[in-house]
Amino acid sequence: MTNDNTRSKANAVFFSAIMVISMVAVGFAAAPAAAANEQPRPATDTTGDIEPTKEVDDGATVFQGEEVTFVGNLSGTSQLIGVAGNAEGQVLEANVDESQTPGRYAIDGNGSNPSLTVTTPRINTAEVQIGQGGSDIAGETVSTADAANLQVFAEYNFDDAEELEVEVQDESGTDITDAVLNDTDALFNQSGQYVGLDLADEDAGEYTVILAGADDLDVDSVEELTVTITTDEEVSIETSEDSVTRGTNVEYTVSGGTSGDTHNVTIDADDFRDSFNAANNQTVFRNTGDTVRVGYVNNSGNFATDSGALSGSIAFAVAEVEMDGAQGVGTIRTDNLDDTSVDLDVYAEDANVSSIEDGSASSVDDASVDVSEGQITIDSPGNEYTIGSEVDVNGTATGIDNVDVYVRNNDDWQLLLSDIETDSDDEYEEEDVQLSNANPAGASILGQAGTYRYGVIDSEEYNGAPNLTTSEFSQGTSTSQSLTTVEGQLSAELQTINGQINTADDAADITGNAEGQNQVALIFVDERGDVAAELIDVEDDGTIDIEDKQIPNRAIGGQFSTGTVTAHFVSQGRDTNIGDGDIPGQAATLDGLVDFVNQNVSDSNLNADQARQRILSETTEDTASDDLMVTQTFRYAESQTTIQSVYPEEAQAEGVNPVATGETMVVEGSTNLRPDSNSITVEVLDENGNSLVISSTDEWADSGQWNTTVDTSDLEPGTYTVESDDGDNTDRAEIEIVEERQQADNGTDTGDDTGDDTGDDTGDDTGDDTGDDTGDDTGDDTGDDTGDDTGDDTGDDTGDDTADNGSSDGGSTDGSTPGFGALVALVALIAAALLATRRNN
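Residues numbered from 1 in each chain as written. Predicted model: local features only at pLDDT ≥ 70, side-chain atom pairs only at ≥ 80, totals over all residues. Heavy atoms only, no water.

J.: I'm lost on the sheet that holds strand β49 (residues 718-725) in this one. Help?
T.: Hydrogen bonds between backbone atoms are what pair the strands of a sheet, whose relative direction is either parallel or antiparallel. Pairing within the open sheet is mixed, and its five strands lie in the order β44-β50-β49-β46-β47. At either end of the open sheet lies a strand with only one pairing partner, and these are β44 (659-660) and β47 (691-697). As paired elements, β49 and strand β50 (residues 730-738) share eight bridges and run antiparallel to each other. Each bridged residue has a counterpart across the sheet, and for Y720 the counterpart in β50 is I735. (Pairing = 2+ DSSP bridges. Helix = DSSP H or I, 4+ residues; strand = E, 2+ residues; numbered from the N terminus.)

So this is what it looks like as C-alpha cells:
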C-alpha cells in the first residue's frame, strides 16, 4: 500500500514537472522567432542610423505613452518593477502609461536583473528656418519669396522609438502638408534632420506647423509653430501706441517686403517741436532694433546723421530699417515732437532720400501717433509726469488770489512754483512748465523717479516759504494728490516691508527692468552722508530679478546708520558714458562710478544732501548727460514686531477684544521683517506663564501686516496673555476668554460634533457620544470597541468603520493581482499534486 502511494505521488510530481517545462519551452522557442523580425532598440545608439523600433531589450530606454514588446533578455516578462528613486516599487508593463514615473525598472525589482529606463518624450528644439542653418523665424512674418525655401528643423529624444511627423495647416485648419512639402517626406527618421516646405504659392496668412510623434508619442510631445506669409507688395507700418505723453519712446514695426531689404521711414519737420534746434543734434529716430541708420534730410535731399552738419532747412527725419524676415522694428523719441498727431511714412525698397524729398517717391503706407503734453492735474498735472516734459499747471482756487505749488518726498514739503495768479473765474494756470527743472528745491525731488505728494496751497498762508512741515501744509488752505514721476527705460526697486529694511535681515529683493544693459550701479546714501556703491546684474531679457540682496556696508566700513536711506539705481544712456565722459580720477564707466563713490565721495566728509548732489553732478546732472537714474527712499531700522488687534474670526474688530471659548481667535499685528525668511509665533499663556496654545505664520504682505488664528476650544473662560515672538522681539496683549456666545435656538451644537458621524457609520453620534454606535458597522468589531462609545469622541470616526481594532470580514480587499514566475508556478503545481495524492489516501 505504501509503495502504491509513493508511486502515485511520484507520477503526479513527474507529470506536473512535464507541464511546467513544456510551458517554459514554448516561451523560449517563441522568443527567437519574434526577435528575428527586426533589430531591438539598443541601450545606446552610437551610430545614429538605427531604425525606430518598438522591440526593446535589456538596457533600452522606453517613453511614457508608448507600447513596446519585450524581447531578448526581457522575453516572456509581463512586467518590471521600479528599483530606485520615485519609481521604486512601481510596476511597468509593455503598454507604458502616459504618467509612468521616470526611472529604472528591472525584472523582479532586482537591479542586477535585465532592466529598462523610462523617460519623458521631448522635442528639445523646433524651428522654422529660411534655408538650412538660417535663423529661427517661427512666430514671425516672411515674404512669399522667402517662403519658397522654409526648413523645419527638430531635435528630439525618441528617435530610436518612432519617427517625428510634420503637419502643416492653413488658417482654416486644413491639412496642406502634401501640397507644400519641398522634395522631402513629412517624417524625421533621426533627430537633427530637416523637412523642407515651400509656401510660396500659398495665400497670405498664418500657417501652423505641428510636430508630433508618428505613432504612440503624439499627445504630450507636440510642438506647434506659426509662420505668417505676406506678399511682396504688402509693405505696411504700425506703431505700438496710438497716443502717448511727450517724452515716451514709441516702437514702430514695418511689415511685408523681403528679408534683407531696407525701407526708409520718415517724420516731416512740420511735426517737430518749435524748440527743435538742428545745431543741438536733437534726436527723433533712435538707432535701435533693425535700424541701419538714422538722421536728417535737408530741402536739397542731402542726408546727415548730425542735423547740424546740414545747410538749409531740415525737410524730415529719417530711419533706414532692414527687414528681418518680413518685419523691421525701430523706435522714435517723442521728446522733440510737437503735441499733435505725428505721421510716420514708410517707402518702397527702391525709394532713396533724395527721391522722397523731391516728391518722386510716394509712401506705401503711413501710421500716426498722437503726442500730447504731460497731463498732471489738480486739474493739471495728473498722477503721472514724464521727467523733462512740459506741462500746464492749472486748477481752481475759489476766493484765493494766488497759489504756491509744493512737492513732498517723505518729510517736509519743498517749494516747486510760487505766486501763480488766480483769475476772475477762480482758475490758476502756469503754462509750459518743466516741473523737474524748476529752480526751487522741489524740482530736485521730481527729477528722480518715484512716487511723491504734489500739493497746492494759498500763497497768503506762508508767502512762498521754501519748506513747510506736513502739519503746516495741512493746516493751511491746501489740497494734495499722489504724483508718480517716470524716467526713461530704467526701472528698479528694493522690496521693503512697511517701507523699511531691517538691520537683522539686512537684505531685500530687487526687481526692475534695464533693457539693453548688462549691469547697473546701485548707490546707497544714509542720513549721515555715508555711502556705498556696487554693481548689480541685469538678465539677458533686460529684467532685474535679484533675491536676498544683502545691504552693503558703508564704504568706510560698518552698517549704515538707522534712519532714512536713499538708494540710487544708475544706468548708462545711449552714449555709454557716465555723465559727460569725465569722472574725477576714474574711468567714465559704471565701474568707475562705483569706485568714485566708494573712494572719492566717501572720503569727503559730506552730509546726505551733499553726498547725493556729488553723485548727481557726475551722472544725471552732468553736462550733456543722458544717464538714467531711479531713486528710492526707505527707512533702515531695527527689526520690530507688534500685536495690534485680537478678535473673534466671526467678528473682525480693531484693538483687543473678548473671544468666546471655542471660537477661532485672530491675532494680527505689524512687522518690518521679511516674510518666508522669518516667522512669527503666537502663544496663549496662562497666569503662570505656561503655554497653552501655539500658532505661527511666515506669510504677510509688503505692508508688514501679519495675522494668524488660534483655536480656543481647550481654553476655559478667564484672562490670558497673548505673546508674539519673531525670534528677536516679543510683544504681549492681555485677552479675555468668555463664555460661549449666544447661538441660534434650534437645538444644534455649532461645534465640530454636529451629530452625524459621516462615512458608513450611520447611527447617531450625538452629545458626548454616550449612546450606542449603531451605524452601518458591518465588519466584526472584535477589538476593544465592544459597543458603547462612551468617550469624548476625540478620535476620528471616518471611512467605512468596518474593522476598528479587531478583525473584519467586511469588504476590505487588495486590488492588486500577484504575478507568478516559472519557479513559483512549478512549486505551486507540485504542492497541488502532493495535496491531491494525500486526499486520495
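J.: Honestly, the pairing of strand β18 (residues 249-255) in this entry has me stumped. Any pointers?
T.: In the case of a regular strand, side chains alternate between the two sheet surfaces. Buried residues dominate β18, accounting for five of its seven residues. Looking at chain direction, strand β16 (residues 236-239) and β18 are connected through four bridges and run antiparallel. Counted as the bridge partner of I237 is V254 from β18. The pairing of β18 with strand β24 (residues 327-333) spans seven bridges and is classified as antiparallel. Residue pairing for β24: V250 is matched across the bridge by I332. (Buried < 20%, exposed > 50% of the residue type's maximum accessible area, 1.4 Å probe, protein only.)

J.: What should I look at first to understand the packing of aromatic side chains in this one?
T.: Under the defined criterion, the tally for this structure stands at ten aromatic pairs. With a centroid separation of 6.5 Å and 85° between ring planes, the pair formed by F524 and F634 is classed as edge-to-face. With a gap of 110 residues between them, F524 in strand β38 (residues 519-526) and F634 in strand β42 (residues 628-637) connect regions that are remote in the sequence. Residue F634 is classed as buried on the basis of its relative accessible area of 2%. Ring pairs connect the aromatic residues F524, F560, F634 and Y636, which therefore count as one cluster. The ring centre of F303 lies 3.8 Å from the NZ or CZ of R293, which sits over that ring. (Phe/Tyr/Trp six-rings, centres within 6.5 Å; stacked < 30°, edge-to-face > 60°. Lys NZ or Arg CZ within 6 Å of the ring centre and 35° of its normal.)

J.: Would you mind going over the sheet that holds strand β23 (residues 314-322) with me for this structure?
T.: Read across the sheet, seven strands follow the order β17-β26-β25-β19-β23-β21-β22 without closing on themselves; strand pairing throughout is mixed. Strand pairing shows two members of the sheet lacking a second neighbour, β17 (243-245) and β22 (303-304), which therefore form its edges. Of the pairings in the sheet, the one linking strand β19 (residues 262-268) to strand β25 (residues 341-346) comprises two bridges and is antiparallel in character. Among the inter-strand pairings, T266 is bridged to a residue of β25, identified as D345.

J.: Can you help me understand the packing of helix α7 (residues 590-601) against helix α8 (residues 608-617) in this one?
T.: Angle between the axes and distance between the axes are the two parameters that describe a pair of packed helices. Two numbers describe how α7 lies on α8: the axes approach to 11 Å, and their chain directions differ by 145°. In terms of crossing hand, the pair formed by α7 and α8 is right-handed. In this structure, α7 uses F596, V597, N600 and V601 to contact α8, whose residues at the interface are A611, R614 and I615. Among the residues making up the contact of α7 with α8, the classes are represented as five nonpolar, one polar and one charged. (Axes fitted to C-alpha atoms, helices over the stretch in contact; angles between N-to-C directions. Left-handed = near helix turned anticlockwise from the far one by under 90°. Contact = heavy atoms within 4.5 Å. Nonpolar A, V, L, I, M, F, W, Y, C, P; charged D, E, K, R; others polar.)

J.: Sorry, what's going on with the environment of F70 here?
T.: Within the element layout of this structure, F70 appears in strand β3 (residues 69-70). A relative accessible area of 9% places F70 in the buried class. C-alpha separation for the pair F70 and D57, spaced 13 residues apart in sequence, amounts to 6.2 Å. Excluding anything up to four places from it in sequence, F70 contacts V56, S75, T77, S78, Q79, E93, A94 and L116.

J.: Which parts of the structure should I look at to understand the pairing of strand β43 (residues 641-648)?
T.: Burial within β43 is extensive, with six of its eight residues counted as buried. Bridging between β43 and strand β45 (residues 664-671) involves seven bridges; their strand directions are antiparallel. Looking at the pairing, S645 lines up with E668 of β45.

J.: I tried to follow α8 on my own but got confused; where do I start?
T.: Side chains that are three or four residues apart share a direction in an α-helix, a result of its 3.6 residues per turn. Those residues of α8 that sit buried are A608, A611, R612, I615 and L616. One side of α8 holds all its buried residues, which, seen down the axis, span an arc of 135°. Among the structural elements, β38, β39 (531-537), β41 (563-571), α7 and β42 are those in contact with the buried residues of α8. The distance from a side-chain oxygen at the start of α8 to the backbone nitrogen of D609 is 3.2 Å, and the residue carrying that oxygen is N607. (Arc of directions from axis to C-beta. Polar contact = N/O pair within 3.5 Å; in protein donor to acceptor, adjacent residues only side chain to side chain.)

J.: Any chance you could explain the pattern of salt bridges here in plain terms?
T.: Opposite charge on two side chains permits pairing when their charged atoms draw close. Inspection of every chain in the model, using the stated rule, returns eleven salt bridges. For K54, the salt bridge identified is with D216, shortest N-O distance 3.2 Å. Taken together, the residues span a long stretch of sequence, with K54 in the loop between α1 (2-35) and β1 (55-56) and D216 in the loop between β14 (205-213) and β15 (222-230) at a distance of 162 residues. Given a relative accessible area of 22%, D216 falls into the partly exposed group. For D548, the salt bridge identified is with R674, shortest N-O distance 3.0 Å. With D548 in strand β40 (residues 543-550) and R674 in the loop between β45 and β46 (680-685), the pair connects residues that are 126 residues apart, well separated along the chain. (Salt bridge = Lys/Arg side-chain N within 4 Å of Asp/Glu carboxyl O.)

J.: How do you make sense of unusual backbone geometry when you look at a structure like this?
T.: A cis geometry characterises the amide bond from S380 onward to P381, with omega recorded as 10°. Structurally, the position occupied by P381 is in the loop between β26 (365-372) and β27 (384-386). A positive phi is found at N498, a non-glycine position, where the angle reads about 55°. Within the secondary structure, N498 sits in the loop between β35 (490-494) and β36 (500-502). A positive phi angle, near 55°, is found at A624, a position not held by glycine. Mapped onto the secondary structure, A624 falls in the loop between α8 and β42.

The values reported here are purely geometric and, on their own, carry no functional implication.
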